[in-house]
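# Chains, contacts and geometry: an overview
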Amino acid sequence: MPDDHASSADPPVADGAAAPSGELPAALRHVRVLLPLPLPALDYLATPEGMPLFEPGCFVRVPLGARTLIGVVWDEVDNDVPAERLKPVVEALPTPHLRPELRRFVERVAAYTMAPPGTVLRMTMSIAAALEAPHPRRLCALAGAGIAALSGGQRVTPARQRVLEALRDGPKLAATELARAAGCGPGVVRALVAGGLVEEYLAPAEPPLPASPNWRLSGPPLSFDQSATARQLVDAVTTGGFKVTVLDGVTGSGKTETYFAALAAALAAGKQVLVLLPEIALGAQWLERFRERFGVLPAQWHSDIGAAERRDTWRAVVTGRARVVVGARSALFLPFPELGLIVVDEEHDSSYKQEDGVIYQARDMAVLRASLAQIPIVLVSATPSLETVVNVARGRYQRVVLPRRYASAELPAVRLVDMRQERIEPGRFLASPLVTELAKTFEAGEQALLFLNRRGYAPLTLCRACGHRFECPSCTAWLVEHRFTGRLLCHHCGHSETVPACCPECLAAGALVPCGPGVERLLEEMTARFPAARAALMVSDLLSGPRAAAELARGMTEQRYDVLIGTQVVAKGHHFPMLTLVGVVDADLGLAGGDLRAAERTYQLLHQVGGRAGRAEHKGRVLIQTWMPDQPVMKALALGDRDRFLEAEAAARRSSGLPPFGRLAALIVSAGEAEAADFAARALARSAPQLPGVMVLGPAPAPLAVLRGRYRRRFLVKAGREVNLQAVLRGWLSRVRVQGSTRVQVDIDPYSFL
Ligand code: ADP
Ligand code: ZN
């Protein structure tokens, strides 16, 4: 398999024999340096006097124009540029080298996604400060009085309490980072320092060794199913080598404990472990379970961590001091020297697809990284993606199954509510079967969850007098009313304006009406129908950070709420023992539009949400409100027949040659003016490839025809699996010159069809 440009059905897996081993110990007069920029690698002069040898992988500082930048010495140069024309390298940095395996990874990700290698390299470097020699810093720690206050010795304000808890539970941080972590202003931290509850000290440049996860601790005894499955995962780790195992287990089957066994085995073998989670910020319960199992928290990597923690974590990874990293998709690019296992939890989750910058599918690229590193990888899900299911069928991935919920918990009963038969008064969205079940649940002292994948109060606001609709000035999108903040918001570009008192079009006063439900409006209905029920909203835009989410989850576990209303942030990972009823308010929402994965995604999401019900001794039930009860997704959910649904999906995609049975790429042409976008789109259309097995659809205005003020046109390129799609696209793009502000973005294996 020389250079396999594969689709996600066919992740670009490395050939074991081709994996390079060891550095090239060549002293080069010329060095080729890849910079974290969209440029090809550049040649520099390695002045031999007094300089160490620049081996490939070495981080170096080099001049570029008037600046100096940090880059990485890349492999072999052909030395054809005369030395006089080259500028010398400024210095080598005291950072462990970027290993060959990671350099190959950068090249392969770049080739696959068609991004410049430099922009992929930037993801492995993450933060420039991590590459510099570290300086001492002022950090905060709990003082004796702070510890006393935490154990109830002294009453403190909630904000101060959060700061103290952050110090107890998390890493040592500088004052400003600490304030951010605790979700308060820096004044709170200063006051605690002044009051002697927190002390600041000068920390050594490299943070002290974080306590390593203790793999010798024994976890809970595993069930019979779990042990059998865990044994196979552990075997893959101890045998070593590249192997993809799909851990397929129903919600609540104890998949986490099971893969923890593999994690322990990798740690015992002296290896590092990477666990990818979708939206890690919301994984507070996961972290808690990790701590229970291994005694300490793992290193974390996601968008919510501050610059200093990011730098420390990067260095802890590269020096091998961080043994386990749990992170969002970008953690995949961390420079592990001793990686021995990758786990991708909720592998079907579409948030693994990065949609801007380098557009990549982190699950697929994780498989690539594992193949380059020759290590096992575990893909975990209750609803594996069709790509993964097909790879199991093709014998590329091995599947292990947990068919039952852990202990006595049973899977919830699922019932469809046919909305065509229901009479609901205008402005209300809960049909009577759901209302009845809610009442029963509250009477029994149990908890409910209402799911609606729509933030805000109402998705559309219009004027009753003239019909005016509020639209984003720079996107093809309605503005969504958010009552808590009193604003109209564009969910695509963030544009926001206050809700006006009169219609801006006809000036009628008090004529604006909300249309359709958002979670905020559901909360209102909930309060009106059940004034005694304690309801909480769980929506990303109303949570100030991971701590707030964790706090809300704790409130739910401790039964401080009777009902949680939320968007997809409630769907994942949570385990609330007293939650027995899940109501899906508008199940059809995700099915609209031309998205090839719409049905699959809806199935996964609703199954996942439903999986929150009845996870402990109390049996759960799920009510799904739908206008399309005959739709295959809805039927599959009601019958709990996942495999038949997947077979039908697979058959449909196979017959239309769509992934994972064919290759697909999107080209998005965008420009500041509609004419420029059309001009470029026509030029591309004229030179579109005409090759056997390749079909070009478009150009067509994108569904989001205007986004952030840019006009967008789309092409879809379909090809057979035997086609090297990237080569076709490269050839095509090289025949067209786009000018000015026009951009062409390539999205291989697109997930978003907007
Ligand atoms: P999944 O990830 O498959 O949805 P979880 O791993 O969250 O399931 O497990 C469901 C619940 O069962 C959790 O509360 C977990 O702590 C518990 N559990 C799973 N395995 C065990 C075990 N071997 N011993 C005790 N509790 C377990
Ligand atoms: Zn907008």
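None of these values were measured; they are calculated from a predicted model.

## A closer look at the overall build of the protein
Looking only at helices and strands, the protein features 20 helices and 29 strands. Against the compact-globule benchmark of 27 Å for 754 residues, the protein has a radius of gyration of 27 Å, which places it among compact chains. Its C-alpha atoms give the protein principal-axis dimensions of about 80 × 70 × 60 Å. Partitioning the intrachain contacts of the protein with sequence separation of at least 6 by distance along the chain shows that 76% fall at a separation of at least 24. Total accessible area on the protein is roughly 31300 Å²; 55% of this is exposed by carbon and sulfur atoms. Each charge sign in the protein was given a centre, from 85 positive and 76 negative side chains, and these centres are 1 Å apart.

## Overview of the sheet that holds strand S19 (residues 487–489)
In space, the three strands of this open sheet follow the order S18-S19-S20, with antiparallel pairing throughout. Looking at which strands have only one partner, the edges of the open sheet turn out to be strand S18 (480–482) and strand S20 (496–498). Taking the axes of each pair of neighbouring strands and ignoring which way they run, one obtains an average angle of 30 degrees across the sheet.

## Section: the coordination of the zinc ion (ligand 2)
Every protein donor of the zinc ion (ligand 2) is listed here as Cys472 (SG), Cys475 (SG), Cys490 (SG) and Cys493 (SG), and their distances to the metal cover 2.3 Å. Here the zinc ion (ligand 2) binds four donor atoms, and the angle range of 105 to 115 degrees at the metal identifies the geometry as tetrahedral. In terms of primary sequence, the donors binding the zinc ion (ligand 2) are separated according to C-x2-C-x14-C-x2-C. No difference in accessibility class separates cysteine 472 from cysteine 475, as the two residues are buried.

## Structural notes on the side chain of glutamine 361
Along the polypeptide, glutamine 361 turns up in the loop between strand S12 (339–344) and helix H11 (362–373). With a relative accessible area of 4%, glutamine 361 lands in the buried category. Once you skip the residues sitting within four places of it in the chain, glutamine 361 turns out to touch Tyr352, Lys353 and Tyr751.

## Some points on the packing of helix H16 (residues 598–610) against helix H18 (residues 642–655)
It is at 10 Å that the axes of H16 and H18 come closest, and there the two elements cross at 165 degrees. Between H16 and H18, the interaxial angle falls into the category roughly antiparallel. The hand of the H16/H18 crossing is left-handed. Of the residues in H18, those touching H16 at Ala599, Glu600 and Tyr603 are Arg642, Phe645, Glu649 and Arg653.

## A short note on the packing of aromatic side chains
Tallied over the entire structure, the rule returns twelve aromatic pairs. Here the aromatic cluster, defined as three or more aromatic residues joined through ring pairs, consists of Tyr259, Phe260, Trp286, Phe290 and Phe294. Of note, arginine 483 hangs over the ring of tyrosine 457, and the distance from its end group to the ring centre comes to 3.7 Å.

## Regarding helix H8 (residues 255–268)
With 14 residues, H8 should cover 20 Å at 1.5 Å per step; its first-to-last C-alpha distance of 20 Å lies within 8% of that length. For H8, the buried fraction is high: 13 of the 14 residues fall into the buried class. Looking one or two residues past H8, glycine 270 carries a phi angle of roughly 80 degrees, positive in sign.

## Topic: unusual backbone geometry
Cis peptide bonds are those with omega within 30 degrees of zero, and the linkage from proline 659 to proline 660 qualifies with 5 degrees. By the secondary structure assignment, proline 660 is in the loop between H18 and strand S26 (663–671). In this structure, proline 699 follows glycine 698 across a cis peptide bond, with omega equal to 10 degrees. Locating proline 699 in the fold gives a position in strand S27 (residues 694–707).

## A short note on the packing of H16 against helix H17 (residues 632–639)
Look at H16 against H17: their axes get within 9 Å of each other, and the N-to-C directions meet at 30 degrees. Comparing the axis directions of H16 and H17 gives the class roughly parallel. In this structure, H16 meets H17 at a crossing whose hand is right-handed. Taking contact as the criterion, the partners of Ala599, Thr602, Tyr603, Leu606 and His607 in H16 are, on H17, Val633, Met634, Ala636 and Leu637. When the residues that make up the contact of H16 with H17 are grouped by side-chain class, the tally is seven nonpolar, two polar and no charged.

## Quick word on the site of ligand 1
The environment of ligand 1 is made up of 16 residues, and the closest members are Pro221, Gln226, Gly252, Lys255 and Arg289. Between threonine 256 and ligand 1, the recorded distance is 3.1 Å, taken from a side-chain N or O atom to an oxygen atom. Arginine 289 has a polar side-chain atom sitting 2.7 Å from an oxygen atom of ligand 1. The fraction of the free accessible surface of ligand 1 (550 Å²) that becomes covered by protein chains is 80%. Taken together, the residues that form the shell around ligand 1 break down as five nonpolar, seven polar and four charged.

## Notes on the environment of alanine 130
Its location among the elements puts alanine 130 in the loop between helix H2 (117–125) and strand S6 (137–142). Separated by 493 residues in sequence, alanine 130 and leucine 623 place their C-alpha atoms 50 Å apart. In contact with alanine 130, not counting residues within four places along its chain, are Thr95, Arg311, Trp314 and Arg315.

## Describing the sheet that holds strand S3 (residues 59–64)
Strands sit in the order S2-S1-S4-S3-S5 across an open sheet of five strands; the sheet is antiparallel. Whereas interior strands pair on both sides, the edge strands pair on one side only; in this sheet they are strand S2 (42–45) and strand S5 (91–92). Pairing of strand S1 (residues 30–34) with strand S4 (residues 67–73) involves two bridges; the strand directions are antiparallel. Bridge pairing in S4 links valine 33 to valine 73.

## A short note on the confidence of the model for the protein
Here the protein shows a mean pLDDT of 88. Residues at 70 or above account for 93%. Across the protein, element-level confidence peaks in S12 with a mean pLDDT of 98 and bottoms out in helix H15 (residues 546–557) with 83. Within the model, pLDDT remains below 50 along residues 1–9, and this stretch shows 30 contacts once partners closer than five positions in the same chain are excluded. Low pLDDT, under 50, characterises residues 15–28; the stretch is placed with 22 contacts to residues that sit more than four places away or in other chains.

## Remarks on the pattern of salt bridges
Taken as a whole, this structure holds 35 salt bridges when the rule is applied. Residues aspartate 312 and arginine 311 are paired through a salt bridge, measuring 3.5 Å at the closest nitrogen-oxygen approach. Note on accessibility: aspartate 312 and arginine 311 belong to one class, buried. Here glutamate 524 and arginine 483 are joined by a salt bridge, their closest N and O atoms 3.9 Å apart. Separated by 41 residues along the polypeptide, glutamate 524 in helix H14 (residues 519–529) and arginine 483 in the loop between S18 and S19 bring together distant segments of the chain. When its relative accessible area of 43% is taken as the criterion, glutamate 524 is described as partly exposed. When salt bridges with common partners are traced through the structure, they connect Asp75, Arg103, Arg104 and Glu107 into a single cluster.

Conventions adopted
Residues numbered from 1 in each chain as written. Chains lettered and ligands numbered in written order. Predicted model: local features only at pLDDT ≥ 70, side-chain atom pairs only at ≥ 80, totals over all residues. Heavy atoms only, no water. Helix = DSSP H or I, 4+ residues; strand = E, 2+ residues; numbered from the N terminus. Rg over C-alpha atoms; globule rule 2.2 N^0.38 Å. Contact = heavy atoms within 4.5 Å. Areas by Shrake-Rupley, 256 points an atom, 1.4 Å probe, with all protein chains shown as cover. Lys, Arg positive; Asp, Glu negative; His and termini not counted. Charge placed at Lys NZ, Arg CZ, Asp CG, Glu CD. Pairing = 2+ DSSP bridges. Axes fitted to C-alpha atoms, helices over the stretch in contact; angles between N-to-C directions. Donors = N, O, S within 2.8 Å, 3.2 Å for Na, K, Ca; no water. Tetrahedral: all angles 85-135°; square planar, octahedral: opposite > 155°, others 65-115°. Buried < 20%, exposed > 50% of the residue type's maximum accessible area, 1.4 Å probe, protein only. Parallel < 35°, antiparallel > 145°, perpendicular 65-115°, else oblique. Left-handed = near helix turned anticlockwise from the far one by under 90°. Phe/Tyr/Trp six-rings, centres within 6.5 Å; stacked < 30°, edge-to-face > 60°. Lys NZ or Arg CZ within 6 Å of the ring centre and 35° of its normal. Expected span 1.5 Å × (residues − 1). Nonpolar A, V, L, I, M, F, W, Y, C, P; charged D, E, K, R; others polar. Near = heavy atom within 4 Å. Polar contact = N/O pair within 3.5 Å; in protein donor to acceptor, adjacent residues only side chain to side chain. pLDDT = per-residue confidence, 0-100. Salt bridge = Lys/Arg side-chain N within 4 Å of Asp/Glu carboxyl O.

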